[in-house]
Amino acid sequence: MSSNRWQERRVLIAVVVLAALGAATAVVTAFQVTDPWVVGGAAVVAAVLGIWQERYKRITTRRDEITLKLHDGCLVLPSGRLPTVVQLDDPVQLGVHPAIVLTGTPEAEPPVYVPRDVDDQVRERLAAGGFVLLVGDSTAGKSRTAYEAVRATLPDHVLIAPHDRTALVAAIEQTVRTNRAVLWLSDLEHYLGTGGLTREHIARITAGKGHRVIVATLRSAEQARLTSQPTDGDEAARSAGREIQEALEQAQVIRLARRFTMSELERAQARAWDDRIASAVQQADEFGIAEYLASGPELQRDYDNAWEVGGNPRGAALVSAAIDCRRAGYTSPAPRRLLEELHTAYLEAEGGYRLRPESLEDAWAWATRPRRATTALLSPVPNAAGDGVAVFDYLVDRRQQAEGPLAQIAEPVIRTALMHVHHADDADQIASTAYRRGRYHLAESGYRTTLTLRRQELGEEHPSTLTSRNNLALVLGELGRLEEAEAEHRAVLEVCRRVLGEEHPSTLASRGNLANTLRDLGRLEEAEAEHRAELEVCRRVLGEEYPDTLISRNNLALVLGDLGRLEEAEAEHQAVLEVCRRVLGEEHPSTLTSRGNLALVLGDLGRLEEAEAEHQAVLEVCRRVLGEKHPSTLTSRGNLALVLGGLGRLEEAEAEHRAVLEVRRRVLGEEHPSTLTSRNNLANTLGELGRLEEAEAEHRAELEVCRRVLGEEHPSTLISRNNLALVLGDLGRLEEAEAEHRAVLEVRRRVLGEEYPDTLTSRGNLANTLRDLG
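Now for a quick tour of the structure. (Residues numbered from 1 in each chain as written. Predicted model: local features only at pLDDT ≥ 70, side-chain atom pairs only at ≥ 80, totals over all residues. Heavy atoms only, no water.)

## Remarks on the nonpolar core
Thinking step 1. Formed by 57 residues in total, the largest nonpolar core has its most connected members in V319, L339, L378 and V391.
Thinking step 2. The element best represented in this core is helix α15 (residues 313–328), accounting for 9 residues.
Thinking step 3. The residues touching V319, leaving out its near neighbours within four places in the chain, are Y303, W366, A367, L377, L378, V391 and L395.
Thinking step 4. Ranked by size, the runner-up nonpolar core spans 27 residues in total, among them I160, L185, L226 and L248. (Core = buried A, V, L, I, M, F, W, Y, C linked by side-chain atoms within 4.5 Å. Buried < 20%, exposed > 50% of the residue type's maximum accessible area, 1.4 Å probe, protein only. Helix = DSSP H or I, 4+ residues; strand = E, 2+ residues; numbered from the N terminus. Contact = heavy atoms within 4.5 Å.)

## Examining the packing of aromatic side chains
Thinking step 1. In the structure shown here, the tally under the stated rule is 4 aromatic pairs.
Thinking step 2. Through a chain of ring-to-ring contacts, three or more aromatic side chains come together here, namely Y435, Y440 and Y447.
Thinking step 3. Sitting over the ring of W364, R336 keeps its end group 4.5 Å from the ring centre.
Thinking step 4. For R354, the ring lying beneath its charged end belongs to Y353, and the centroid distance is 5.5 Å. (Phe/Tyr/Trp six-rings, centres within 6.5 Å; stacked < 30°, edge-to-face > 60°. Lys NZ or Arg CZ within 6 Å of the ring centre and 35° of its normal.)

## Digging into the sheet that holds strand β8 (residues 388–391)
Thinking step 1. An order of β6-β8-β7 is seen for the 3 strands of this open sheet, with the pairing classed as antiparallel. Of all strands in the sheet, those with a lone pairing partner are β6 (334–335) and β7 (378–381), marking the two edges.
Thinking step 2. Both β7 and β8 contribute to a ladder of 4 bridges, which runs antiparallel. Paired with S379 across the bridge in β8 is A390.
Thinking step 3. Strands in contact with α15 are β7 and β8; relative to β8, the strand with the most contacts, it is inclined by about 80°. (Pairing = 2+ DSSP bridges. Axes fitted to C-alpha atoms, helices over the stretch in contact; angles between N-to-C directions.)

## Description of the packing of helix α26 (residues 547–562) against helix α27 (residues 566–584)
Thinking step 1. Their axes nearest at 8 Å, the elements α26 and α27 cross at an angle of 160°. With respect to their mutual orientation, α26 and α27 come out roughly antiparallel. With respect to the hand of their crossing, α26 and α27 are arranged in left-handed fashion. Between α26, through L550, R553, N554, A557, L558, L560 and G561, and α27, the contact on the second element is made entirely by L566, E568, A569, E572, H573, A575, V576, V579 and C580.
Thinking step 2. Within the contact of α26 with α27, the residues separate by chemical class into 10 nonpolar, 3 polar and 3 charged. (Parallel < 35°, antiparallel > 145°, perpendicular 65-115°, else oblique. Left-handed = near helix turned anticlockwise from the far one by under 90°. Nonpolar A, V, L, I, M, F, W, Y, C, P; charged D, E, K, R; others polar.)

## Here we look at the environment of T450
Thinking step 1. Here T450 shows up in helix α21 (residues 440–458).
Thinking step 2. As a C-alpha pair, T450 and T467 span 17 residues in sequence and 9.9 Å in three-dimensional space.
Thinking step 3. Ignoring anything within four residues of it in the chain, the contact list for T450 reads A424, A427, D428 and S468.

## A short note on the pattern of salt bridges
Thinking step 1. Counted under the stated rule, the structure contains 80 salt bridges.
Thinking step 2. The residue E494 makes a salt bridge to R498 at a minimum N-O spacing of 3.0 Å. Taken together, the positions of E494 and R498, both in helix α23 (residues 482–499) and 4 residues apart, correspond to about one turn of that helix.
Thinking step 3. On the basis of relative accessibility, which here comes to 40%, the residue E494 falls in the partly exposed class.
Thinking step 4. What makes R498 partly exposed here is its relative accessible area of 49%.
Thinking step 5. Each of E189, R219, E222, R326 and D397 takes part in one network of salt bridges that share partners. (Salt bridge = Lys/Arg side-chain N within 4 Å of Asp/Glu carboxyl O.)

## Side note on empty space enclosed by the protein
Over the atoms a probe the size of a water molecule is rolled, and this reveals where empty space is left.
Thinking step 1. Evaluation of the coordinates by the stated rule reveals 6 cavities of 30 Å³ or more.
Thinking step 2. One number sums up the size of the second largest cavity: a volume of about 110 Å³.
Thinking step 3. Forming the boundary of the second largest cavity are 14 residues, of which R327, A328, A407, I409 and T433 lie nearest the centre.
Thinking step 4. Only α15 and α20 (424–436) provide two or more residues apiece to the lining of the second largest cavity.
Thinking step 5. In terms of residues, the lining of the second largest cavity owes the most to one element, α20, which gives 3 residues.
Thinking step 6. The residue inventory of the lining of the second largest cavity, partitioned by class, reads 7 nonpolar, 3 polar and 4 charged. (1 Å grid on protein atoms, 1.4 Å probe; cavity = no way out; pocket = protein on both sides within 12 Å on 5 of 7 lines; lining within 4 Å. Points joined across faces, edges and corners; volume = space filled by probe spheres on them.)

## So, the sheet that holds strand β3 (residues 180–185)
Thinking step 1. Pairing is parallel across the open sheet formed by 5 strands, whose spatial order is β2-β3-β4-β1-β5. Edge positions in the sheet fall to β2 (158–160) and β5 (252–255), since each of these pairs with one other strand and no more. Put simply, the sheet's adjacent strands are angled 20° from each other on average, direction ignored.
Thinking step 2. Pairing analysis gives 4 bridges linking strand β1 (residues 130–136) to β5, with the strands arranged parallel. Looking at the pairing, V135 lines up with R255 of β5.

## Observations concerning unusual backbone geometry
Thinking step 1. Backbone geometry at T139 places phi at a positive 65°, although glycine is not the residue there.
Thinking step 2. Residue T139 is classed as buried on the basis of its relative accessible area, which comes to 3%.
Thinking step 3. Backbone geometry at D187 places phi at a positive 55°, although glycine is not the residue there.
Thinking step 4. Here D187 lies in the loop between β3 and α7 (199–206).
Thinking step 5. Judged by its relative accessible area of 22%, D187 falls in the partly exposed class.

## Quick notes on the environment of R448
Thinking step 1. Take R448: it is sitting in helix α21.
Thinking step 2. The exposure class assigned to R448 is partly exposed, which follows from its relative accessible area of 35%.
Thinking step 3. Along the chain, R448 and A427 lie 21 residues apart, while their C-alpha atoms are 8.7 Å from each other.
Thinking step 4. Other than its neighbours up to four places away in sequence, R448 contacts L472, L476, R481 and E484.

Keep in mind these values describe shape, not function.
Below you can see the structure in the form of C-alpha cells.
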C-alpha cells in the first residue's frame, strides 16, 4: 500500500525564545571569561579615550535607571535602601500567607514557626549558594520555610525581592553587583517566560566572587502547567517552553509536603502554647498545619457551599471565572470587568436563575471579604485597569489537582481574557499555555496580542518584541501557514543580524528556526545550508558540547534523513547521543530524545530489530523516570508501535497504538493534535491488518476533527484525507479514492508547490489509482 503516514517523531529543535540583549554578557560569564574588555597599549588607550568616556556616561545613566526601578519595584526600607535579611521581620511581605486570627491573638504577629524536616537541607543549600527552589502545594509552607532558613543562614545578606517581572532585570543587575545577596522570587511562575529569568541570568548571579543565592518558591500545580509538554510529536510546541525548562533545570529543588510528617507534628504539639498552632494540630488528620493556618479549607468550603440555592452563586461564579483565567495563563490580577463579563456563563451552567443569585454588588462583597481576618476568595489588588482582584491560589490548585494540569479552559474564556489584557506578559502566558496544549488558533491570537503590546511599549527591535514575533512565526508553522511563517522568521533574522550580529545566540536561534521552516516547506537543500552555517558558528562561538550546538547538529541530522542520506544522518545522531550521554547522563530528556531520533533513522535504514531495541530501551527509561502518562513516554510507545508494524507484528502494534490513544484521549482530549496522531496511526494499522471498514471509520472520524480544528488546508488534514483515499482504494471504491486524491493534490499544488515531497506523493497515489481504474 502506497501511503503518506502521519508518524510521531520526537526531535530537538532550535531555541524558540530569543535571548535578551544582555545574553552575550551572560554567555561570557557562564564560560568564566573574567575580563572581556581588555585593551593593550598606551597608544590604543589614548585613541579610544573619547569612546570610553561616552561608554562611562551610558553606564552611569543605566545604573541610575536601575536604582529607580529597584525603589519602585522591590521591597525597600523606609529610607529607600534595600534591606538586609535580618531587617525584614514580617514574612507576609515575602509571600507568606497571612494566618488565621483567634480571639486574644495579636493580629499582626505571625504564628510561631514549626521546624520542618527539610530545614537542614534548605539551609545547607543556601550556605553553598546557587539557585534553591522550594516546590509544593499552595499553603504547604514553602515561603515560611524559606524565610526562616534565609534568616538563620544569611542574616546579613542584602535582600532583593522584586514585586513582579517588570523589576526583574533591575533586580538581577543589582544582585550581580552585590557581594552578598539573596534574590527572592516568591511564586516563580511570575518571573519565567519571555523577558523573565533565564539560564544565562542564573549563571551571571551564581558565578564569580562573593556569595549570591536565588531563593524561589513554586506551587506544584504551576510546575505541572509550566513543564507539561503534551504535543509529543510537535517539534516547535515542545520547544516553546525550552527557556523555562532550562531555567528550572538549574535549580536545586526541595519538595515540601502539605501534610506534616509525624516528627513535624510532634514539633507542632510542642509549640501548642501558640493557640493557632494548637488549633491547627487538632485538624491535622485532615489538613496540613500551614494549610489550616492560611484558612485554605475554610475558603474552599465557603466557595463550594456558595453554589447552594439562595447562597452566593453569583459570587461563586465570579470566583470560578477568576480561577479559570488564572489557569489559562492570566497571572496578573484580573480586572473586575473581565470577571463580570465571564461569570454569567458559569452561573448559567450551574442553574442560573433557579439558584436565586444575589445582586452583583452583594456578590463582590461576599467574594472579597477576608475570612478570619486573613485571605479573601478574591483579594483586591490595583492593576493597570485600577480594579484588579487576585484569586486565592489554594482554590486554583484544588481545581487543577481535580481536573489535571492539561485540562482545557473554554475557548470563549480565553478569547475574552485576551480582550482585557493590559500587560504583554499576560498575553504571552495565555498564548504559551494554549501552545503547549496544541490549541494553535488560540495561541496565534495570544501571540498577536503580545506582539501588538510589545511593539507599542518597546518598539520593533527590542528583544522581547522579536521573541513575540518569533513565537508567532512558530505557531503559524503549526497551523500549516508555512509561507507566512517563513516571512516572519526572515524578518526576525534580519533584525537580529543588524542589531545583534551574526554570532549572537538569538541570531543563531532565529537562523535555526528559519531552517526548520524551510524543511517543513520541503526546501531541503536550503534547510541543510542554513543548518550547516548555523552549526559552524555554534561550534566556533559556543563549543561542541553547548546545548544549542547539539540542537543544531540534531536538526541537521533530521534534514539529512529527509534528503535520503541516511548513513550521514545516523552518524550525526550517534555523535550527538555520545555527547548527551557523557555530559548529561543516560536519563536526561535530551539524551532520550537523541536516542529516540537515532532509533527512527535505524528504522528508515531498514534495521528494524536495532530500531526496536533502541525504542524499547528509551521506553523503559521513560516509564521508570517519567511515568506511564508522561508525553515523552507516550511518544516513545507510539514510535515503538510503528516499528512493530514495520516488523509485521501488527497485533502488537495495534495494542500499543490503542493503549497510547486511550491515555491521550483521557488526558489531552479528543481534539488534541497528539490524540489525532494516535488515531491516524491506529487507523493505518487496522488497514494493514485487512480490517478496512474499521480503518475507514477511524480515518473519517479523525478527518472530521482535523477539518474542524485545523482547517481544510492544514498538512495534517491533507495527510488524513490522503490516508482515507488509500483505504478507499483498498476497498475497491476507486472512483471515491480518485476524487479524494485529486482534491488533496489540488491543495498541495496550490499551497506547497509542484516539487514539494508531499505533492509528489499525491501525484504518485493518484497515478496508482488511475492505473487500477484501467
